[in-house]
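Listed below are the residues making up each chain.
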Amino acid sequence: MPDQKTVMDVGALALKLAGNPKTRGTFLRQVAAIDPTYRLPADVQLADLKNEIRRDKENDKIHRAAEVSAARENQQRAKLLEHGRYSEDQVKEIETVMNKYGLRDYEAGSKLYAADTAPARPSNRDRPRHGQIWEFPDLPGLLQNPEKAANDAAYAVLDEMRAGR
């Protein structure tokens, strides 16, 4: 059994812990955990109740936001399926793309999917074209007076276009 001085010191420390607003709730809850017959003071019970109500409100807010988000996603998914825009298999591939890039928006996912699956654009390199190799035009007086040479060339092109009417 501890001596009387140790008991008095522990008691004084317990009073300090129970009287300090920063440690009161934690200390008294620990006392209640050790002694099931101990009843928490009203101020600690009230603080616990307020914290529980606040947590419940936050959880409800998070739950409502999740429901709104799920409803929006379902609506976007249905929009992709309507009018045969995408098949069910394509929508599943879109969802794979969305998961890969961390998206929750079906419209953005469908755009990425369409960009990935779009047919390649035909290359014009295989087809011969008239004038494919560009040559620098021979403009008389270009080096001596570039402005006058450019004006003369432009008027010559315009005259040709007017004559071709």
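Computed from a prediction, not measured in an experiment: that's the story for all the values here. (Residues numbered from 1 in each chain as written. Predicted model: local features only at pLDDT ≥ 70, side-chain atom pairs only at ≥ 80, totals over all residues. Heavy atoms only, no water.)

Colleague: Is there a simple way to think about the nonpolar core in this case?
Modeller: Side chains of nonpolar character tend, in soluble globular proteins, to be buried together. Counting seven residues, the largest nonpolar core is built from Leu 80, Tyr 86, Val 91, Ile 94, Met 98, Tyr 106 and Tyr 113. Mapped by element, the contributors of at least two residues to this core are helix H4 (88-101) and helix H5 (106-117). The element contributing the most residues to this core is H4, with three residues. Not counting chain neighbours up to four residues away, the residues in contact with Tyr 106 comprise Glu 73, Gln 76, Arg 77, Leu 80, Val 91, Ile 94, Glu 95 and Met 98. (Core = buried A, V, L, I, M, F, W, Y, C linked by side-chain atoms within 4.5 Å. Buried < 20%, exposed > 50% of the residue type's maximum accessible area, 1.4 Å probe, protein only. Helix = DSSP H or I, 4+ residues; strand = E, 2+ residues; numbered from the N terminus. Contact = heavy atoms within 4.5 Å.)

Colleague: Looking at this structure, how should I read H4?
Modeller: Because each turn of an α-helix spans 3.6 residues, side chains separated by three or four positions end up pointing in the same direction. The end-to-end C-alpha separation of H4 is 20 Å, in line with the 20 Å expected for 14 residues at 1.5 Å each. For H4, the complete set of buried residues consists of Val 91, Ile 94, Val 97 and Met 98. The arc enclosing the buried residues of H4, seen along the axis, measures out at 110 degrees, which places them on a common side. The exposed set on the far side of H4, more than 90 degrees from its buried face, consists of Asp 89, Thr 96, Asn 99 and Lys 100. Tucked inside the fold, the buried residues of H4 contact helix H3 (42-81) and H5. Directly after H4, the chain includes Gly 102, whose backbone phi takes a positive value near 70 degrees. (Expected span 1.5 Å × (residues − 1). Arc of directions from axis to C-beta.)

Colleague: Please explain the packing of aromatic side chains as it appears in this structure.
Modeller: By convention here, two paired aromatic rings are described through the distance between centres and the angle between planes. According to the stated counting rule, one finds one aromatic pair in the structure shown. With a centroid separation of 6.1 Å and an interplanar angle of 70 degrees, the aromatic rings of Tyr 86 and Tyr 113 are classed as edge-to-face. On the criterion of sequence distance, the pair formed by Tyr 86 in the loop between H3 and H4 and Tyr 113 in helix H5 is long-range, its members being 27 residues apart. The pair Tyr 86 / Tyr 113 is uniform in exposure class, with both members buried. (Phe/Tyr/Trp six-rings, centres within 6.5 Å; stacked < 30°, edge-to-face > 60°.)

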